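Descriptive analysis of the structure
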Amino acid sequence: MKKFINAVADVENEMIQGMVKAYPQYIKKLDCGNVLVRPQRNENKVMLLSGGGSGHEPGHAGYIGEGMLDAYVPGAVFTSPTPDMIYEGIKVIDNGKGVLLMVMNYTGDVMNFEMAAEMAAEDGIKVDHVIINDDVAVKDSTWTTGRRGVAGTFLVNKITGAKAESGASFEEVKAAAEKAIANVRTMGAAISPCTAPAAGRPGFEIGDDEIEIGIGVHGEPGTYRDKMMPADKIVDILLERILSDIDFNGREVAVLINSSGATPLMELYIINNHLADVLASKNIKIYKTFCGGFMTSMEMAGFSISLLRLDDELKELLDARASTPAFTCL
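Residues numbered from 1 in each chain as written. Predicted model: local features only at pLDDT ≥ 70, side-chain atom pairs only at ≥ 80, totals over all residues. Heavy atoms only, no water.

**Here's the deal with the sheet that holds strand 5 (residues 99-104)**
Within the open sheet, the six strands sit side by side as 1-2-4-3-5-6. Their pairing is mixed. Only two strands of the sheet have a single neighbouring strand rather than two, namely strand 1 (28-29) and strand 6 (127-132). This element, helix 1 (residues 11-22), spans strand 1, strand 2 (36-37), strand 3 (47-54) and strand 4 (71-77) of the sheet and lies at about 150° to strand 4. Each of strand 3, strand 5 and strand 6 is contacted by helix 5 (residues 170-183), which is oriented at about 10° to strand 6, the strand it contacts most. (Pairing = 2+ DSSP bridges. Helix = DSSP H or I, 4+ residues; strand = E, 2+ residues; numbered from the N terminus. Contact = heavy atoms within 4.5 Å. Axes fitted to C-alpha atoms, helices over the stretch in contact; angles between N-to-C directions.)

Pasting the structure below:
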C-alpha cells in the first residue's frame with residue numbers, strides 16, 4: 001500500500017486538523033472529539049447534522065456552511081461515528097428550534113444516530129432523523145437493511161440545507177428532506193477498488209478488462225461484474241436501472257455525475273455527453289448538472305449517476321445560496 005500518510009493510526013485526526021486549518025471560517029473542531037461544527041451559525045433556523053465514515057471527502061465535512069450542514073461527525077474510514085460523539089454534536093448546535101439528523105442508510109450509522117437521538121431527546125432536545133437511501137443497485141446488502149445511501153446524499157443535503165436556512169419550521173425542513181429522498185435515485189460502477197489505510201489492501205480484486213456494476217461508496221463490490229465496455233454503454237446500463245425505478249418521463253431533473261475519487265473530470269464530461277442525449281431522447285429535461293467528486297471512495301476509479309426529479313419547490317431550494325468549503329451556489 002502506497003499513500004501520502006504518516007501513520008495509519010493518525011489518518012483521520014490529521015485529515016481533520018488539515019481541513020480545519022484550511023477552512024477555519026467554515027469548520028471548527030470541538031475539544032471533546034472529532035465533532036466538526038459551523039463556527040458562525042444562523043441561530044434562527046433548524047440545525048442539520050450529518051455523520052459517517054471518513055474516506056468520502058469532500059462529503060460531508062466539505063458541506064458545512066451556509067445553506068447546507070451545521071455539523072458533521074466523522075468516524076474512522078468507512079466506519080460509523082460513535083453515539084456519544086453524535087450526541088455531543090447535537091448538544092452543541094441545539095438552539096431550541098430542533099436538530100435534524102441526515103443519515104445515510106448503513107446499519108451502523110442508523111443504529112448509532114438513533115441511539116444519539118434518544119440520548120438527546122432525554123435531555124429535552126427536539127431531534128429527529130431522515131434516512132437517505134438513493135441507491136437502486138441493491139435492495140439489501142451486507143452493509144444495510146434496505147437500499148444504501150450514496151452520492152445522491154449531496155443533493156438531499158443541498159435541498160434540506162436551503163429549506164432550513166430559509167427559516168422554515170422543523171416539520172417543513174424534515175418534509176423537504178423526505179421529498180428530496182423520495183425523488184432521487186443513484187447507481188454507480190467502478191473499474192478499480194480503493195484501499196482503506198487500516199486494511200492495507202484493496203477492497204476487491206478486478207481484472208484490467210473488467211468493470212464492477214452497482215458499486216457502493218465503501219469500496220464494496222457491486223451486484224455483478226462484466227467485461228469493460230465503452231462509456232456510453234455503461235451509462236445506458238446505469239440509466240436503465242434508474243429510470244425504471246420511478247417515472248421520470250416529462251419531468252425536469254437535476255443530474256449529478258459523481259467521481260468515486262480517481263475518475264477525472266475529462267471522463268465525467270464524456271459520460272455526461274451521452275447521458276444528456278439519452279435523457280433528451282426520453283423527454284426528460286435537465287434543469288441543472290453537477291459533475292465532480294462530491295461523495296468519493298478515496299482513490300476508487302468509478303462514477304455514479306444520480307437523478308433528482310424536480311418540482312418548483314425543489315428547483316428553488318436547489319438554486320438557493322450556499323457557501324461551504326466544497327460547494328458554493330450564489
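Having seen the structure, we can now continue with the description.
**Quick word on the side chain of Thr263**
Its place among the elements puts Thr263 in the loop between strand 10 (252-259) and helix 7 (265-281). Only 2.6 Å separates the side chain of Thr263 from the backbone oxygen of Gly302, close enough to count as a polar contact. Beyond its immediate chain neighbours, meaning those up to four positions away, Thr263 contacts Leu268, Met300, Ala301, Gly302 and Phe303. (Polar contact = N/O pair within 3.5 Å; in protein donor to acceptor, adjacent residues only side chain to side chain.)

**Structural notes on helix 4 (residues 153-165)**
Its 13 residues place the ends of helix 4 18 Å apart at the C-alpha level, agreeing with the 18 Å of an ideal helix rising 1.5 Å per residue. Downstream of helix 4 by one or two residues, Gly167 has phi in the positive range, about 90°. (Expected span 1.5 Å × (residues − 1).)

**Focus on the nonpolar core**
Of all hydrophobic cores here, the largest spans 50 residues; its most connected members are Leu36, Leu100, Met102, Phe154, Leu155, Phe290 and Phe327. Mapped by element, the contributors of at least two residues to this core are helix 1, strand 5, strand 6, helix 4, helix 5, strand 10 and helix 8 (312-319). Apart from residues no more than four positions distant in its own chain, Phe154 is found in contact with Tyr63, Met68, Leu256, Phe290, Phe294 and Phe327. By size, the runner-up hydrophobic cluster in this structure holds 29 residues, among which are Leu239, Ile246, Phe248 and Ile284. (Core = buried A, V, L, I, M, F, W, Y, C linked by side-chain atoms within 4.5 Å. Buried < 20%, exposed > 50% of the residue type's maximum accessible area, 1.4 Å probe, protein only.)

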